[in-house]
Amino acid sequence: MGKHNHDQNKNPNQNKNNNSNQNQSQNQKLNPRPQSNPNEEFDLRETAPRLGGGRFPGNDRVGTAFDLVEQMHYLFVRVVKAKELPKKNNDHFPNPYVELQLGNFRGTTKHFENVSDPEWNQVFAILKDQIQAMSIGFFVKDKDDNNKDHFIGNVCFDIFEVPKRVPPDSPLAPQWYRLDNKEGKRSQGELMLAVWMGTQADEAFPEAWHLDATAVSGDGVANIRSKVYLSPRLWYVRVNVIEAQSLQISDRNSRQLELFVKVELGKVVLRTKSSSGRTPLWNEDLMFVVAEPFEESLILSLVDRQSANKDEILGKCLVSLQNVEKRVDHKFATSRWFNLEKNVTGENGSKNEGKLNSKIHLRICLEGGYHVLDELTHYSSDFRATARQLWTPSIGILELGILSAQGLSTVKQKSGNGTTDAYCVAKYGQKWIRTRTIMNNDGPKWNEQYTWEVFDPCTVITIGVFDNQHLQGVDKGGGAKDSKLGKVRIRLSTLETDRVYTHSYPLIVLEPSGVKKMGEIQLAVRFTCTSLVNLLQIYTQPLLPIMHYINPLSMHQIDSLRHQATQIVSTRLSRAEPPLRKEVVEYMLDVGSTMWSVRKSKANYCRIIEVMTRFTAFCRLFNQICMWKSPFITVLVHILLLVLVYYPQMILSIMCFTIFMIGVSKYRFRPRHPPHMDIKLSLAHTSHGDELDEEFDTFPTSKQGDVLKMRYDRLRCIGSRIQVVIGDLATQGERVHNLLSWRDPRATSLFLILCFISAIVLYVTPSQVIAVTTGFYVLRHPRFRHKLPSTPLSFFRRLPARSDSLL
């Protein structure tokens, strides 16, 4: 005892340290520190912006229709026209233009040659927060070829006297103002102007030239404005090559004929299999994609394969798509005989002499009952058929507010400094939108709001951010491509109805050097349902139009037609004014995303393993029950077993009721934010350099060696197929999990209601009747079956999966 006391007195500091360490360890157990997440910068963050200008009940602010974005106040100036401008000394009319001066900002209208009454009708805008001057001046000048512009007159306004305008008020009417000379006295001529304060909800905002972008040349102004684009209306063209007759073959020997038909539509060329004999028979379908208006024609050639390197064209025919039959069901289209000609001229349809007696039997139609896939079905934004008469009424409205971005990476140099000229592109259905370009800013604020009609909740909207490389006009870009800064995909079925989601999404790009965060984009999203009954009914209908199930396309056809569709869409949108460039459209449509990648294959494998871990966890739990790890639970299981043995009719009822209770218990833990790009799920943060080098390798490969190229490309083709299959398996497993996860709140609600009703029905119905009914239904005669998927299968295919979050 004494020795023990002596030791305690000998080391009092040590005991104090030990006590303090014990207290710290206890505090750490009670209040554990949050573990630092090395991938925290790639996580989704919820934000609280002041949407709609901070409107709330009882405030004195006047609201606008743009309630998903922050109000930004602008000074708008509309320079309309001038009249009675004085002549020059040489008795000629001036070359007038108007220069707007607001502090350090300058803006000029276009000029006219030798007129006294010019009409400009140009709108300028400047952000109110950037205004530092007390007045705004308009100077009418005469443009001189020697860069010595002459002053004609000016008009000045006090900024504080500018009126305010809030839509839906009518536009402010312009007024005439007398011009003053340099001495401030009245001079000859008048200028018509309209000056007002407004917001980005003003209808003049899209056409306005922002004074903070005056460095952009006249040709490049169109490339920085916000625009709305519409994808071309796409059709499938089915060419059924049946047979040919009365062929004129020059070779009369006993050679075995190898006849095939080659069909060309634009740059796409397809051919039938070879057929022998003087009256060849093929009866083969060839599928193409074409866009309205139908500018191209089908060119069919009957070819005789004489040797390995020699083909002889026996005849051609030209078919205009303007007169092709359109069908919306699976009924046979009308077949026709077409005369073959030896020579066919250009696309104007004129024909040379040399008409043959040979004929070819064809059945050609435009398929309106299919949906032309230009996106992967995992995150498609539209499933409607081509024919408008097959469209159903919309079931809701999708509203997107593109607020701002933070910390954007600089991808180019200007005046020796890194800079970013960012704009956003959003795609949903046939409607594409493009925001204005914010110049020289790594934290741009767009605050633009857009609306789409929703016909199917199980669709995905894609938002991408790009750096504008074409600020000096269309023809002055020097072949530069707009740089991608990342994109976001949001599945509408994961959004609660009438709730506004405001989050900051990480912009992630995968490069050969690894995954990189290019910044963040702040969005506000709201999905509004117009009819809850119609919305819930959509979950019981087939995902695609019925023609996809009655007369399905092969996987090879789907891949080929999707490639054709994406090329047509990118070509058409790149021809718009201003163009939505090909690299932008292909990035938004995920062109090439099915190519072989070790990283993607590993990610899909991990998805399958994660789905299977839930089954293995149940097996471990059952093993623990058997091993009496928890005696109380084991006793309860024994009691339940006895109850089910004596009352077997309660087995299915209890199972359904248990699933119902599990789903209800998970309601509190349902996801509160939309899914986003997940680098962990994509394994982008753990990929090796050689894997990324293979993923970004060209196709065909750029590696040396002919044998290596052949084997490597073949491996990648096989691997891409396996990759898609593994991804589909993972998707099905994740859909089973999402039945109760509340990832899609409406689908989970429907499933839980079904389980609850099933529990009651199964309880009051004898089990023998249920077993017999189920057996007879499964073994029913094919006459009572139909090709459309069943209601449970259609419901299951509409469930969300984690494929939306794959990078």
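Residues numbered from 1 in each chain as written. Predicted model: local features only at pLDDT ≥ 70, side-chain atom pairs only at ≥ 80, totals over all residues. Heavy atoms only, no water.

In the annotation of an unreviewed UniProt entry, the entry for the protein reads FT-interacting protein 7, and the organism field reads Heracleum sosnowskyi. The record held by UniProt for the protein lists under Sequence similarities (unreviewed entry) the comment "Belongs to the MCTP family." According to its UniProt record, the protein has this under Subcellular location (unreviewed entry): "Membrane". (UniProt positions renumbered as here; feature names shortened; annotations may be inferred.)

J.: Help me understand the overall build of the protein, please; the structure alone is not making it clear to me.
T.: The helix and strand tally for the protein stands at 15 helices and 30 strands. Long-range pairs, those at least 24 residues apart, make up 72% of the contacts in the protein with a sequence separation of at least 6. Looking at the protein as shown, the accessible area adds up to about 42,900 Å², and 54% of this sits on carbon and sulfur atoms. (Helix = DSSP H or I, 4+ residues; strand = E, 2+ residues; numbered from the N terminus. Contact = heavy atoms within 4.5 Å. Areas by Shrake-Rupley, 256 points an atom, 1.4 Å probe, with all protein chains shown as cover.)

J.: Just to check I follow, could you spell out the sheet that holds strand E11 (residues 227-230) for this structure?
T.: Sheets are built from strands that pair by backbone hydrogen bonding, the pairs being arranged parallel or antiparallel. Read from one edge to the other, the open sheet built from five strands follows the order E11-E25-E24-E27-E28, with strand pairing classed as antiparallel. Either end of the sheet is taken by a strand with one partner, and the two such strands are E11 and strand E28 (483-491). Each neighbouring strand pair of the sheet contributes to a mean axis angle of 15°, computed without reference to strand direction. Summarising the sheet, strand E24 (residues 422-428) and strand E25 (residues 431-434) pair through four bridges and their orientation is antiparallel. Paired with Lys427 across the bridge in E25 is Trp432. (Pairing = 2+ DSSP bridges. Axes fitted to C-alpha atoms, helices over the stretch in contact; angles between N-to-C directions.)

J.: Even after reading the chapter, I still don't get the pattern of salt bridges, so can you show me in this structure?
T.: Pairing between side chains of opposite charge can happen when their charged atoms approach one another. Inspection of every chain in the model, using the stated rule, returns 29 salt bridges. The shortest N-O distance in the salt bridge between Arg305 and Asp311 comes to 2.4 Å. The partly exposed category is assigned to Arg305, whose relative accessible area is 25%. With its nearest N and O atoms 2.4 Å apart, the salt bridge here joins Asp804 to Arg491. (Salt bridge = Lys/Arg side-chain N within 4 Å of Asp/Glu carboxyl O. Buried < 20%, exposed > 50% of the residue type's maximum accessible area, 1.4 Å probe, protein only.)

J.: Got a minute to help me understand helix H5 (residues 555-574) in this structure?
T.: Along an α-helix, a turn takes 3.6 residues, which lines up residues three or four apart on a common side. An ideal rise of 1.5 Å per residue puts 28 Å on 20 residues; H5 measures up with 29 Å between its terminal C-alpha atoms. All buried positions along H5 are accounted for by Leu561, Arg562, Gln564, Ala565, Thr566, Ile568, Val569, Ser570 and Leu573. Lining the buried residues of H5 we find E11, strand E12 (234-245), strand E14 (268-271), strand E15 (281-291), E25 and helix H6 (582-588). (Expected span 1.5 Å × (residues − 1).)

J.: It is not clear to me how the pairing of strand E16 (residues 297-307) should be interpreted in this structure. Could you clarify?
T.: Side-chain positions along a regular strand alternate between the two faces of the sheet. Where strand E13 (residues 259-265) meets E16, six bridges bridge the pair, whose relative direction is antiparallel. Of the residues in E16, the one forming a bridge with Lys262 is Ser301. Pairing of E16 with strand E17 (residues 310-320), which is carried by ten bridges, proceeds in the antiparallel orientation. Counted as the bridge partner of Ser297 is Ser320 from E17. Hairpin remark: E16 followed by E17, antiparallel, with two residues in the connecting loop.

J.: So what exactly am I meant to see when it comes to the nonpolar core here?
T.: Nonpolar side chains in soluble globular proteins tend to end up buried together. Leu400, Trp452, Ile461, Ile490, Ile521 and Leu523 are the most contacted members of the largest nonpolar core, which has 37 residues in total. Per-element tally for this core: the top contributor is strand E30 (residues 514-529), with six residues. If we ignore the near neighbours within four places in the chain, the residues touching Ile461 are Leu398, Leu400, Lys427, Tyr428, Trp452, Val488, Arg489, Ile490 and Leu492. Among the nonpolar cores identified, the runner-up in size contains 31 residues, and Leu265, Leu300, Cys317 and Leu362 belong to it. (Core = buried A, V, L, I, M, F, W, Y, C linked by side-chain atoms within 4.5 Å.)

J.: I would appreciate a short explanation of the confidence of the model for the protein in the present structure.
T.: Any segment with low pLDDT has predicted coordinates that should not be analysed in fine detail. In this model, the protein carries an average pLDDT of 83, and 89% of its residues clear a pLDDT of 70 or more. Confidence drops under a pLDDT of 50 for residues 1-36, and excluding neighbours within four residues, the segment shows two contacts in the predicted structure. Taken together, the stretch residues 54-64 has pLDDT below 50 and engages in 15 contacts with residues farther than four places along the chain or on a different chain. (pLDDT = per-residue confidence, 0-100.)

J.: How should the side chain of Asn95 be read in this particular structure?
T.: Structurally, Asn95 can be placed in the loop between strand E2 (73-83) and strand E3 (96-102). Here Asn95 falls in the buried class, since its relative accessible area comes to 10%. Within the local environment of Asn95, its side chain forms a polar contact with the backbone nitrogen of Asn114, the two atoms lying 2.8 Å apart. Excluding anything up to four places from it in sequence, Asn95 contacts Lys88, His111, Phe112, Glu113, Asn114, Lys141, Asp142 and Lys143. (Polar contact = N/O pair within 3.5 Å; in protein donor to acceptor, adjacent residues only side chain to side chain.)

J.: In this structure, what is going on with the environment of Pro206? I would like to understand it.
T.: Structurally, the position occupied by Pro206 is in the loop between strand E9 (186-199) and strand E10 (209-210). With a relative accessible area of 37%, Pro206 lands in the partly exposed category. Residues Pro206 and Lys227 lie 21 residues apart in sequence; the distance between their C-alpha atoms is 7.5 Å. Setting aside anything within four residues of it in sequence, one finds Pro206 in contact with Arg225 and Ser226.

J.: When you look at the pairing of E2 in this model, what are you seeing that I'm missing?
T.: With eight of eleven residues buried, E2 lies mostly within the body of the structure. Relative to E9, E2 is paired through ten bridges, and the arrangement is antiparallel. Bridged to Val77 within E9 is Val195. Of the pairings in the sheet, the one linking E2 to strand E5 (residues 119-127) comprises seven bridges and is antiparallel in character. Residue pairing in the sheet places Val79 in a bridge with Gln122 of E5.

J.: Would you mind going over the UniProt feature "transmembrane region" (unreviewed entry) in the protein with me for this structure?
T.: Sequence positions flagged by UniProt for "transmembrane region" (unreviewed entry) are, in local numbering, residues 635-662 and 750-779. Annotation note: span residues 635-662, helix share 86%, strand share 0%, distance between end C-alpha atoms 21 Å. The annotated region residues 750-779 carries 90% helix and 0% strand content, and the separation between its end C-alpha atoms amounts to 28 Å.

J.: How do you make sense of the packing of aromatic side chains when you look at a structure like this?
T.: How two aromatic rings sit relative to each other is given by the distance of their centres and the angle of their planes. Scanning all chains against the criterion turns up 17 aromatic pairs. Ring geometry for Phe138 versus Phe157: centroids 5.9 Å apart, planes at 80°, classification edge-to-face. Taken together, the residues span a long stretch of sequence, with Phe138 in strand E6 (residues 135-142) and Phe157 in strand E7 (residues 150-158) at a distance of 19 residues. On the basis of relative accessible area, Phe157 is assigned to the buried category, the value being 17%. Pairing Phe157 with Tyr177 gives two aromatic rings, centres 4.9 Å apart and planes at 90°, and the pair type is edge-to-face. Separated by 20 residues along the polypeptide, Phe157 in strand E7 and Tyr177 in strand E8 (residues 175-180) bring together distant segments of the chain. Ring pairs connect the aromatic residues Tyr74, Phe76, Trp196 and Phe205, which therefore count as one cluster. Between Lys83 and the ring centre of Trp176, over which it is positioned, the NZ or CZ distance is 4.4 Å. Sitting over the face of the ring of Trp391, Arg384 holds its NZ or CZ atom 4.0 Å from the ring centroid. (Phe/Tyr/Trp six-rings, centres within 6.5 Å; stacked < 30°, edge-to-face > 60°. Lys NZ or Arg CZ within 6 Å of the ring centre and 35° of its normal.)

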